[in-house]
Amino acid sequence: METTKQRTLKGSFSIFGKGLHTGLNLTVTFNPAPENTGYKIQRIDLEGQPVIDAVAEKVVDTQRGTVLANGDARVSTVEHGLAALFAMGIDNCMIQVNGPEFPILDGSAAMYVEKIKQVGIEEQNAPKDYYIIRKKIEVKDEKSGSCITILPDDQFSITAMCSFESKFINSQFATLDNMENFEKEISAARTFVFVRDIEPLLQANLIKGGDLDNAIVIYERQTTQERLDMLADMLNVPHMSADNLGYIQHKPLVWENECTRHKLLDVIGDMALIGKPIKGRIIATRPGHTVNNKFARMMRKEIKKHAIQAPIYDPNEEPIMDNNRIRELLPHRYPMQLVDKITAIGPTSIVGVKNVTSNEPFFQGHFPQEPVMPGVLQVEAMAQCGGLLVLNQVEEPERWSTYFLNIDNVKFRQKVVPGDTLLFRVELLHPVRHGISSMKGYMFVGDKVVSEATFTAQIIKNK
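These remarks concern the structure in this document. Please read these numbers as outputs of a predicted model, since none were measured by experiment. The residue numbers shown here count from 1 along each chain, following its written sequence. Only residues with pLDDT of at least 70 get local features here, since the model is predicted, and only at 80 or more are side-chain atom pairs given and counted; chain-wide, interface and lining totals rely on the full set of residues. Hydrogens are left out, water is left out, and the side-chain values use all remaining heavy atoms of the structure.

### Structural notes on helix α2 (residues 110-119)
Under the convention used in this document: For each residue, the accessible area found with a 1.4 Å probe, counting protein chains only, is set against the maximum for its type, and the residue is called buried under 20%, exposed over 50%, and partly exposed in between. Put simply, DSSP marks the helices as runs of H or I at least four residues long and the strands as runs of E at least two long, and each gets a number from the N terminus on. This arc corresponds to the set of directions leading from the helix axis out to the C-beta atoms. Residue contacts follow a heavy-atom distance rule, with two residues in contact if any of their heavy atoms lie within 4.5 Å.
What α2 keeps buried is the set Tyr112, Val113 and Ile116. Buried residues of α2, seen end-on, are gathered within an arc of 100 degrees and therefore sit on one face of the element. Those residues of α2 hidden inside the fold are in contact with β1 (5-9), β2 (13-18), β3 (25-32), α1 (79-87), β10 (121-127) and α3 (182-185). Phi turns positive, to about 95 degrees, at glycine 120, one or two residues after α2.

Listed below in structure tokens is the structure:
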């Protein structure tokens, strides 16, 4: 069942372990956070305990995991913890860590999910603000051949397709159609590394905490016994024959395509940096943290560009209220009935439609040579939608009327002309108290906001 409210943790939990790159003993603590906070990471080991917003713009390195920074404060290996939060539907969380990275644990997100389930998830009062994908969006990395594409869908889902220069994992794909299956199908997928990549990492002073307990190691290109023994000593693992190609690990693969499932897990963790839950289907071809972050940054720009999204309108769907029902509830008559139908209504919001034609009576004087719908009538139309929202919450709505008390923050962004189909979305700002209701209204043409207003109305029972 889709959640409509923002979520946070019911309580705090801590996880202990060593860092993959530093080898330090680390503690990461996940705490509940207020509504509209998002994910924030605090370095409690540094003076001033700086806080880093977990958003794409704060990513400073993607070569070996996702690294976030705020000034000199940096934290890496965050993607597994963020993937667990995002997939479990948690919107707000304050994460505290006493070092420069999250502990690697077993190289997966399984322990994070387990702890989240133990402490529990709590719904908050603020509505969950999904960003709905309306068109294809794509980012490519010509150098690596990586590509992230997102398409419209009624929920968030991912398909990852990977191709490696290895006979052991040459081509694989993995799909997660429903985030509710993240725990069972994705969370336990472990990170992996090729033997050919280990030496450069060690030379870069990385993976000090890497071992066969927290990664799948793939030995697919034969090297000399001496070289392999040297790497084994550096990793503090037993020697093995240089003739035995294949997987090197303490426990068997959980799935045959575990490596690609882990790539999918990383995509989810990097999508958490968008800052909003989204509805759309991601197709990730040869994904990696670099292209993932590039895509997340682009999505954040897209969201800012369309901060207020138009309602989805299908003219083929049966309306919740048609013109006749609206006439029963509202006292307005020609030429002042400005809502044609209601397509959606809930406890705190409503969506209405008006088709603007060249026969509107106000075009005779506003203006005959350049017909433009008066702004005051745009506000009136939004208010009529708001009146229907409030009347839907009372018994015998036909016996009540609503009246303006106040109008604020009116903005007109684009003129409305004959041929436009207007979509109204009106939301309650506060519960109705003592017959007084405050609302925020938006009016759209296509996907653009053309006007908006905040207004207060009084509901009065007719004599």
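### Examining the nonpolar core
For the record, the criterion: Take the buried residues of types Ala, Val, Leu, Ile, Met, Phe, Trp, Tyr and Cys, join any two whose side-chain atoms come within 4.5 Å, and each joined set is a nonpolar core.
Residues Phe30, Phe102, Phe182, Ile268 and Ile282 are the most contacted members of the largest nonpolar core, which totals 62 residues. Of all the elements, α1 adds the most residues to this core, at six residues. Setting aside anything within four residues of it in sequence, one finds isoleucine 282 in contact with Ile148, Thr149, Ile150, Phe156, Ser157, Ile158, Thr159, Val267, Met271 and Phe295. The next biggest cluster of nonpolar side chains, apart from the first, holds 35 residues, and it includes Cys385, Leu391, Met439 and Val450.

### Structural notes on unusual backbone geometry
Trans is the common state for peptide bonds, and a negative phi is the common state for residues other than glycine. The peptide bond linking tyrosine 334 to proline 335 adopts the cis configuration, its omega dihedral lying at 5 degrees. Mapped onto the fold, proline 335 is located in the loop between α8 (323-329) and β20 (341-345). Each neighbour pair has its own omega, and for histidine 366 with phenylalanine 367 the value is -10 degrees, a cis peptide bond. Considering the arrangement of structural elements, one finds phenylalanine 367 in the loop between β21 (349-355) and α9 (375-391). The phi torsion at glutamine 49 lies on the positive side, around 45 degrees, for a residue other than glycine. Mapped onto the elements of the fold, glutamine 49 is located in the loop between β4 (39-43) and β5 (51-53). Backbone geometry places glutamate 396, a non-glycine residue, at a positive phi of 50 degrees.

### Section: the pattern of salt bridges
Pairing between side chains of opposite charge can happen when the charged atoms of each approach one another. What counts here: Any Lys or Arg side-chain nitrogen located within 4 Å of an Asp or Glu carboxyl oxygen qualifies as a salt bridge.
Summed over the entire model, instances satisfying the criterion amount to 20 salt bridges. In this structure, lysine 354 engages glutamate 360 in a salt bridge whose closest nitrogen and oxygen atoms are separated by 3.2 Å. Each member of the pair, lysine 354 as well as glutamate 360, is classed as buried. Within the structure, one salt-bridge network assembled from shared partners comprises Glu57, Arg300 and Lys304.

### Points about the packing of α1 against α2
The condition is simple: Only C-alpha atoms enter the line fits that serve as axes; for helices the fit covers just the stretch in contact. Angles between N-to-C directions range over 0 to 180 degrees. For this classification, under 35 degrees means roughly parallel, over 145 means roughly antiparallel, 65 to 115 means roughly perpendicular, and everything else is oblique. Two helices that cross are described as forming a left-handed crossing if the nearer one is turned anticlockwise from the farther one by less than a right angle, and a right-handed crossing if clockwise. Polarity classes work like this: nonpolar for Ala, Val, Leu, Ile, Met, Phe, Trp, Tyr, Cys and Pro, charged for Asp, Glu, Lys and Arg, and polar for all others, with Gly in that last group.
One can describe the packing of α1 onto α2 by two numbers: an axis separation of 8 Å at closest approach and a directional angle of 40 degrees. Between α1 and α2, the angle is such that the two are oblique. Seen from above, α1 lies across α2 with right-handed handedness. Every residue of α2 that contacts α1 at His80, Gly81, Ala84 and Leu85 is listed here: Tyr112, Val113 and Ile116. Here the residues of the contact of α1 with α2 sort into five nonpolar, two polar and no charged.

### Describing the packing of helix α6 (residues 258-271) against helix α7 (residues 289-305)
Direction vectors running N to C along α6 and α7 enclose 35 degrees, while the axes themselves pass 9 Å from each other. In terms of crossing hand, the pair formed by α6 and α7 is right-handed. Residue-level inspection shows Asp266, Val267, Asp270 and Met271 of α6 in contact with α7, the latter providing His289, Asn292, Phe295 and Ala296. For the contact of α6 with α7, the residue count by class is four nonpolar, two polar and two charged.

### Topic: a nonpolar patch on the surface
So the rule is basically this: The patches reported here contain residues having more than 30% relative accessible area and no salt bridge. Joining distances are 9 Å for like charges and 5 Å for nonpolar side chains (Val, Leu, Ile, Met, Phe, Trp, Tyr). Computed with a 1.4 Å probe, the accessible areas rest on the Shrake-Rupley method; for each residue, only the protein chains presented here act as cover.
On the surface, a cluster of nonpolar side chains totalling about 330 Å² of accessible area is made up of Phe404, Ile407, Val410 and Phe412. Of note, phenylalanine 412 is situated in strand β22 (residues 400-412).

### Side note on the environment of leucine 377
Take leucine 377: it is sitting in helix α9. The spatial distance from the C-alpha of leucine 377 to the C-alpha of phenylalanine 362 is 9.4 Å, given a sequence separation of 15 residues. Residue contacts for leucine 377: discarding those within four places in its chain leaves Met336, Leu338 and Phe362.

### Some remarks on the packing of aromatic side chains
Heads up, the rule is: Two rings from Phe, Tyr or Trp (for Trp, the six-membered ring) form a pair when their centres sit within 6.5 Å of each other. Planes less than 30 degrees apart are called stacked, planes more than 60 degrees apart edge-to-face, and all others tilted.
A complete count under the given rule lists eight aromatic pairs for this structure. For the pair phenylalanine 30 and phenylalanine 102, a centre-to-centre distance of 6.3 Å together with 75 degrees between the ring planes defines the contact as edge-to-face. Here phenylalanine 102 lies in the loop between β9 (93-97) and α2 and phenylalanine 30 lies in strand β3, a separation of 72 residues in the sequence. On the basis of relative accessibility, which here comes to 1%, the residue phenylalanine 30 falls in the buried class.

### Topic: the side chain of threonine 66
The test is simple: Within 3.5 Å is the distance limit for a polar contact, defined as a pair of N or O atoms, with the added protein rule that one can donate a hydrogen and the other accept it, and that residues adjacent in sequence qualify only through two side-chain atoms.
On the secondary structure map, threonine 66 appears in the loop between β6 (59-61) and β7 (67-70). A polar atom in the side chain of threonine 66 sits 3.1 Å from the side chain of histidine 289.

### Quick look at the sheet that holds β3
Counted only if it meets this: A pair of strands counts as paired when DSSP detects no fewer than two bridges linking them.
In spatial order, the strands read β2-β3-β9-β4-β5; together these five strands make up an open sheet with mixed pairing. Since the sheet does not close on itself, it has two edges, and those belong to β2 and β5, each with one partner. The sheet shows a mean angle of 20 degrees between the axes of neighbouring strands, direction not considered. In this sheet, β9 lies alongside β3 in antiparallel orientation, the contact comprising five bridges. Bridge pairing in β9 links valine 28 to valine 97. Sheet strands touched by α2: β2 and β3. Its angle to β2, the strand with the most contacts, is close to 160 degrees.

### Focus on the pairing of β9
Judged by which residues are buried, β9 turns out to be one-sided: Cys93, Ile95 and Val97 face inward and are buried, whereas Met94 and Gln96, on the alternate face, are not. Alignment of β4 against β9, held across five bridges, turns out to be parallel. Among the inter-strand pairings, tyrosine 39 is bridged to a residue of β9, identified as cysteine 93.

### Overview of the environment of phenylalanine 173
Summarising the element assignment, phenylalanine 173 is placed in strand β15 (residues 171-176). For the pair phenylalanine 173 and glycine 81, spaced 92 residues apart in sequence, the C-alpha separation works out to 23 Å. The contacts of phenylalanine 173, once residues within four sequence positions are left out, are Ala160, Met161, Asn257 and Thr260.

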